[in-house]
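# Examining the three-dimensional arrangement
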Amino acid sequence: MAASVGRICGARLLKPSAGKVVTQISSFSTTREWAKNKKTLLTTLGVLTGGAGALVLALDQSVRASDLELHAPKNPWNHKGPISALDHASIRRGYEVYKQVCAACHSMRFVCYRNLVGVTHTEEEAKAEAEETLVEDGPNEQGEMFKRPGKLSDHFPNPYANEEAARAANNGAFPPDLSYIVSARHGGEDYIFALLTGYCDAPAGVVLREGQYFNPYFPGGAISMAQALYNEVMEYNDGTPATASQLAKDVGTFLKWTAEPEHDDRKKMLIKAFFMFSLLTAVIYYYKRHKWTVIKSRKIQFNPKTK
């Protein structure tokens, strides 16, 4: 065997000199055959991978709770299951909460009244909701702007004319748009529920400025939005008891829908894909058994030649 290796490699690896053996073996190392540009490429890829990992870790840690912040607890939402749909009755009630409580300060400029059709309202109900608002339109034939009742194609009205007006009315704080707030906050609807129900007295040593309130679920603890949800602060049209937790749950579900309007369609597609791939798996398994059954069940017999 050693002679065969020597003839194939032609390198005389079996020479008695140990130093020469080490030298000759090292000459076969693949690292010496790598080009300089390959080493540079691998080094660059390593640096970029490490930098990307460090960036992801830093971004993840930036949204983690600090000493005065609490993580929003996980709640058993009806839509958390892999094939569970949103509670559309809760979405409708959440729209009522937004309309009567949240719309005074927060905008939803990426949601139209037509989006409510078939989800929370009928077309006639959505038209009635839109007509309750006055929308600036124009110019008319005289070149003047005018007010008209809202239409299904109109977006939800903005409570302020611009950002400066919003800050002036809220002690310098700008109320964020709520269209995608669930997707934009760590914790999603759990964060929204915890924030709306988590107001409490500030602990010792925490100084709040005028117009600020303490909420341990808000980054920094000091929030400029006063507690908005209380028991019986409003009445639901369907007669559901309007407790503070019920209000927060319904508006959280509503904001989950506005952030992911395709939520239910995505779950339906998952069910369809499951049945489709199950059928394909059965067909492929049968085809595999059909093709391999001859090979796996054949018998090989050796008949030596007789003289």
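Note: the structure precedes this text.
Scope of this entry: the structure provided in the associated data block. Note that the coordinates shown come from a computational prediction; the quantities given were computed from them, not determined experimentally.

So, about unusual backbone geometry. The omega torsion of the bond from Gly138 to Pro139 falls at 0°, within 30 degrees of zero and hence cis. Inspection of the secondary structure puts Pro139 in the loop between strand 1 (134-137) and strand 2 (146-149). Backbone geometry at Asn171 places phi at a positive 55°, although glycine is not the residue there. One can find Asn171 in the loop between helix 6 (163-169) and helix 7 (181-184). Owing to a relative accessible area of 65%, Asn171 belongs among the exposed residues under this scheme. The backbone phi angle of Glu232 is positive, close to 60°, even though this residue is not glycine. For Glu232, the location among the structural elements is in the loop between strand 4 (222-223) and helix 9 (244-259).

Okay, the nonpolar core next. If you look at the biggest cluster of nonpolar residues, it comprises 36 residues, and the most contacted ones within it are Met108, Phe156, Phe254 and Leu255. Within the residue set of this core, elements represented by two or more residues are helix 4 (88-100), helix 5 (123-131), helix 7, helix 8 (189-197) and helix 9. The leading source of residues in this core is helix 9, at 7 residues. The residues contacting Leu255, other than those within four sequence positions of it, are Met108, Leu178, Ser179, Ile181, Val182 and Ile192.

Remark: helix 4 packs on helix 9, axes separated minimally by 7 Å, with the N-to-C direction vectors making an angle of 105°. Classified by the interaxial angle, the pair formed by helix 4 and helix 9 is roughly perpendicular. When helix 4 is examined against helix 9, the residues Ser90, Ile91, Arg93, Gly94, Tyr95, Val97 and Tyr98 are found in contact with a partner set consisting of Gln246, Leu247, Lys249, Asp250, Val251, Thr253, Phe254 and Trp257. Broken down by class, the residue content of the contact of helix 4 with helix 9 amounts to 8 nonpolar, 4 polar and 3 charged.

Each α-helix winds once per 3.6 residues, and so residues spaced three or four apart point in a common direction. Taking 1.5 Å of rise per residue, the 16 residues of helix 9 would be expected to cover 22 Å, and the 22 Å separating its terminal C-alpha atoms lies within 8% of that figure. Counting buried positions along helix 9 yields 13 of 16 residues, so the element is predominantly enclosed.

The rules behind each value
- Residues numbered from 1 in each chain as written.
- Predicted model: local features only at pLDDT ≥ 70, side-chain atom pairs only at ≥ 80, totals over all residues.
- Heavy atoms only, no water.
- Helix = DSSP H or I, 4+ residues; strand = E, 2+ residues; numbered from the N terminus.
- Buried < 20%, exposed > 50% of the residue type's maximum accessible area, 1.4 Å probe, protein only.
- Core = buried A, V, L, I, M, F, W, Y, C linked by side-chain atoms within 4.5 Å.
- Contact = heavy atoms within 4.5 Å.
- Axes fitted to C-alpha atoms, helices over the stretch in contact; angles between N-to-C directions.
- Parallel < 35°, antiparallel > 145°, perpendicular 65-115°, else oblique.
- Nonpolar A, V, L, I, M, F, W, Y, C, P; charged D, E, K, R; others polar.
- Expected span 1.5 Å × (residues − 1).

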